[in-house]
Amino acid sequence: MTAREKHDRMANAIRFLSMDAVQAANSGHPGLPMGAADVATVLFSQFMKFDPMNPRWPDRDRFVLSAGHGSMLLYSLLYLLGYEDITLDEIKNFRQLGSKTAGHPEYGHAAGIETTTGPLGQGLANAVGMAIAEKKLAAEFGGDLVDHYTYVLAGDGCLMEGISQEALSLAGHLKLSKLIVLWDDNDITIDGKVSLSDSTDQQARFEASGWETMSVDGHDPDAIAAAIERARTSDAPTLIACKTTIGYGAPNKAGTSKVHGSPLGAEEIAATREALGWESEPFDIPSEILDDWRVVGLTAGKQRVVWEQRLAEADATQRGEFERRMRGDLPAGLEPAMARYKKQLAADAPTVATRKASEMALEAVNEAVAETIGGSADLTGSNNTKTSQTAPITPDDFSGRYLNYGIREHGMAAAMNGIALHGGLIPYGGTFLVFSDYARPAMRLASLMGIRSIFVMTHDSIGLGEDGPTHQPVEHLAALRAIPNHNVFRPADAMETAECWELALASTGTPSTLALTRQNLVAARTEFESDNRCARGAYELAAASDDAVVSIFASGSEVEIALAAKAALEARGRPTRVVSVPCLDLFQAQSADYQAAIIGDTPVRIAVEAGIRQGWDGIIGPAGAFIGMDSFGASGPYKELYSHFGITPEAIVDAAEARIHDDEQDQ
């Protein structure tokens, strides 16, 4: 048997597993797996560094299927290579409830799935983050421990999405030479020919951003291999345009949009079997072909054994640090460092904006936690995300700990996800809260994957002042809280900010957003407590002087206003308590008993937040009063804006008195 014959039958195994699984599910995308099978076969059989028996080993190459709709390509590979999580039964249950073979690859469902893809372009941007992490960790731990590539299979849609420009330009700037993108250049989208909607010279676009590019016949294994070999020696990231035929092998549907997102149908599958000389029944891979694939998996695993020997021979301190960081464990020094910092805050009681308080907390964090890697979307001075420990990362020097992402909020958030997925680093990145709109798709995917990405969102309300309603978030807190498995922290002062940072760092399975103020806030807490009071999402900050009549619930900058209202109400003989709510998400996760105890049974409940009401009725009920926003903001000094929109102590007092009066009338 010739090498080409062996390659063809290995590639055809991918094609027929994919078309059979899509047919059985009566749902899915057979075209990409059939068209890209040759590319994937060459990549995995000749270049990829991986081990099906130890799929999480740190120095493996990463493979990202950015065109996630072609998920059967990845599932077929994982089964054929011998990954235990993807059995033939899982292939047969493609797209079925409870199966590991979801419609689009989902991180955590099975080993070998490096990230969740499907929203086009996200995988490409994740891969940029993975390549950043590889280059950063190699600079820190050396090439003996960190030396691997990140490969991406991207489609036309990935390159059309706007995030691709943010991602590719950042990668080119940073000279991520171990990032190799294999473009499944098949000229087809759902609507038909790519030419219906796009005429971009993609190679020229990538070259303009500092990439090396080349084009090959995506069905010529020798040409594909030569291109990958060349890309691996480049000093720049590489795009390989692989000209393919979507649905390759299907006599009547290949090269058309009909094969993109629908089963081929029994007749076309039968015709494809005949055209490609595949005589096996559905889901039956001839033993000699399966053996060829399994040998690839076993052979690849030998590289892991050699790497483990190098790790064993490394300096004990370096080895311990590397292993700790790849596990995702925080260093032992963080807890005492934060305790010392909180004691200092109790003594100083600083009046600072929480964005500044975040910078202060990060000084303590970044000193104790070597793996944090900060950044900002061109708002470093406003987000306060840079500390004395975080020198900038540059294209030629990755020893720093700070990334200047440029004006690329979406690309930043997705790259952060890639960094978190890679392991060994904890990414945080900043922008204005209103621009979470630009980053939200990646933030949502962070929540879906359950990873530790930390989004620092400053200028969190009308309190930013004169920049006006284009920059003043109103609905954004509610919108982010609506994402499942996403902790939105809105601290009230420096002490709460420190505690929220502690919680975000410890939250390995839930991403965090810190919503921080531009305006200064008076210290609400001036006593040191070893416990993290923010950990349960809400707590009684100030008790009533007697049996409480009024409960005020507030977050962030409005806690200060709530405390002023409490003083005024107490002076009127209205015992009032104030509950700080730094994280509604964590509070809603507490036991019913704890929630009931914190909410209390006062006849009057008022929530105060410079955002919309959505989300607060779970605490105050539909009859409760809400002091906040029900419109867009305006341009002006922030104190005038708070008065203009009625977010004041006086407004809280009036709302409380009105409800007390109504209750008295009812009695």
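One structure accompanies this document, and this report is about it. (Residues numbered from 1 in each chain as written. Predicted model: local features only at pLDDT ≥ 70, side-chain atom pairs only at ≥ 80, totals over all residues. Heavy atoms only, no water.)

**Quick look at the packing of aromatic side chains**
Note the threshold: Here the aromatic set is Phe, Tyr and Trp, taking the six-membered ring for Trp, and pairing holds for ring centres within 6.5 Å; pairs whose planes are under 30 degrees apart are stacked, those over 60 apart are edge-to-face, and all others are tilted. Each residue is assigned to one of three classes by its accessible area relative to the maximum for its type, calculated with a 1.4 Å probe on protein chains only: buried under 20%, partly exposed between the two thresholds, exposed over 50%. Elements are defined by DSSP. Helices are runs of H or I of four residues or more, strands are runs of E of two residues or more, and each kind is numbered from the N terminus.
Throughout the structure, instances matching the rule amount to 15 aromatic pairs. On the numbers, 4.9 Å between centres and 90° between planes, the contact of phenylalanine 206 with tryptophan 211 is edge-to-face. Of the two residues, phenylalanine 206 and tryptophan 211, neither departs from the other in class, the shared state being buried. Ring centres of tryptophan 307 and phenylalanine 322 lie 6.2 Å apart, and the angle between their planes is 55°; this geometry places the pair in the tilted category. Pair noted here: tryptophan 307 is in helix H11 (residues 287-313) and phenylalanine 322 is in helix H12 (residues 316-327), with a separation of 15 residues, a long-range link. A residue is classified by how much of its surface remains accessible, and tryptophan 307, at 3% relative accessible area, is buried. On the accessibility criterion, phenylalanine 322 (2% relative accessible area) is buried.

**Topic: the sheet that holds strand E9 (residues 372-376)**
The line we're drawing: The criterion for strand pairing is that DSSP finds at least two bridges linking the strands in question. For helices, the fitted line uses only the C-alpha atoms of the stretch in contact; every axis is such a line through C-alpha atoms, and the angle between N-to-C directions lies from 0 to 180 degrees.
Across the sheet, which stays open at both edges, the six strands sit in the order E10-E9-E11-E12-E14-E13 with parallel pairing between neighbours. Each edge of the open sheet carries a strand with a single partner, namely strand E10 (402-404) and strand E13 (487-489). Averaged over all pairs of adjacent strands, the angle between strand axes in this sheet comes to 20°, irrespective of strand direction. Direction of pairing for E9 relative to strand E11 (residues 426-432): parallel, over a ladder of three bridges. The partner of isoleucine 373 across the bridge, within E11, is proline 427.

**With respect to the packing of helix H2 (residues 31-46) against helix H3 (residues 71-81)**
Basically, it comes down to this: By definition in this entry, angles of less than 35 degrees are roughly parallel, angles greater than 145 are roughly antiparallel, angles of 65 to 115 are roughly perpendicular, and the rest are oblique. By definition, turning the near helix anticlockwise from the far helix through less than a right angle yields a left-handed crossing, and turning it clockwise yields a right-handed one. Residue contacts follow a heavy-atom distance rule, with two residues in contact if any of their heavy atoms lie within 4.5 Å. Only Asp, Glu, Lys and Arg are considered charged, only Ala, Val, Leu, Ile, Met, Phe, Trp, Tyr, Cys and Pro nonpolar, and every remaining residue, Gly among them, polar.
Contact geometry for H2 and H3: axes closest at 10 Å, N-to-C directions at 40°. Classified by the angle between their axes, H2 and H3 sit oblique to one another. Crossing handedness for the pair H2 and H3: right-handed. Contact residues: H2 offers Leu32, Pro33, Ala36, Ala37, Ala40 and Phe44, while H3 offers Met72, Leu73, Leu77 and Leu81. Across the contact of H2 with H3, the residue classes break down as 10 nonpolar, no polar and no charged.

**Considering the layout of surface pockets**
To keep things clear, this is the line we draw: Buriedness of a pocket was judged along seven lines, with at least five required to meet protein on both sides within 12 Å; pockets are open sets of points on a 1 Å grid over the protein atoms alone, cavities are sets where a 1.4 Å probe fits but cannot get out, and lining residues have an atom within 4 Å of a point. Grid points are joined across faces, edges and corners, and a volume is the space filled by probe spheres set on the points.
For the largest pocket, the calculated volume is near 360 Å³. Lining the largest pocket are 23 residues, with Met326, Arg327, Gly328, Ala420 and Gly423 sitting closest to its centre. Secondary-structure elements contributing two or more residues to the lining of the largest pocket are H12, helix H16 (409-422) and E11. Of the residues that constitute the lining of the largest pocket, the class distribution is nine nonpolar, six polar and eight charged.

**Description of H12**
Under the convention used in this document: What a helix should span is 1.5 Å times the count of its residues minus one. Comment: arc refers to directions from the helix axis out to C-beta atoms. Any pair of N or O atoms that falls within 3.5 Å is considered a polar contact. Within protein, one atom must be able to donate a hydrogen and the other to accept it, and sequence-neighbouring residues count only if both atoms are side-chain atoms.
Over its 12 residues, H12 runs 16 Å from end to end, which matches the ideal 16 Å to within 8%, given 1.5 Å per residue. For H12, every residue scored as buried is listed here: Phe322, Arg324 and Arg325. The buried residues of H12 occupy an angular sector of 165° when projected down its axis, which confines them to one face. For H12, the exposed residues lying more than 90 degrees away from the buried face are Ala316 and Arg327. In the core, the buried residues of H12 are packed alongside helix H5 (122-141) and H11. Residue aspartate 315 occupies the N-cap position of H12, its side-chain oxygen lying 3.0 Å from the main-chain nitrogen of threonine 317.

**Thoughts on the sheet that holds strand E7 (residues 238-243)**
Within the open sheet, the five strands sit side by side as E1-E2-E3-E7-E6. Their pairing is parallel. Both outer strands of the open sheet, strand E1 (62-65) and strand E6 (212-217), are each paired with one neighbouring strand and no more. Strand-to-strand twist across the sheet, computed as the mean angle between neighbouring axes with direction ignored, equals 20°. As paired elements, strand E2 (residues 150-154) and strand E3 (residues 179-185) share five bridges and run parallel to each other. Paired with threonine 150 across the two strands is leucine 179, which belongs to E3. Strand contacts of H2: E1, E2, E3 and E7, with the helix running at about 150° to E3, the strand carrying the most contacts.

**Structural notes on the side chain of threonine 189**
Relative to the helices and strands, threonine 189 resides in strand E4 (residues 188-189). Among the residues examined, threonine 189 registers a relative accessible area of 17% and is labelled buried. Setting aside anything within four residues of it in sequence, one finds threonine 189 in contact with Met160, Val194 and Ser257.

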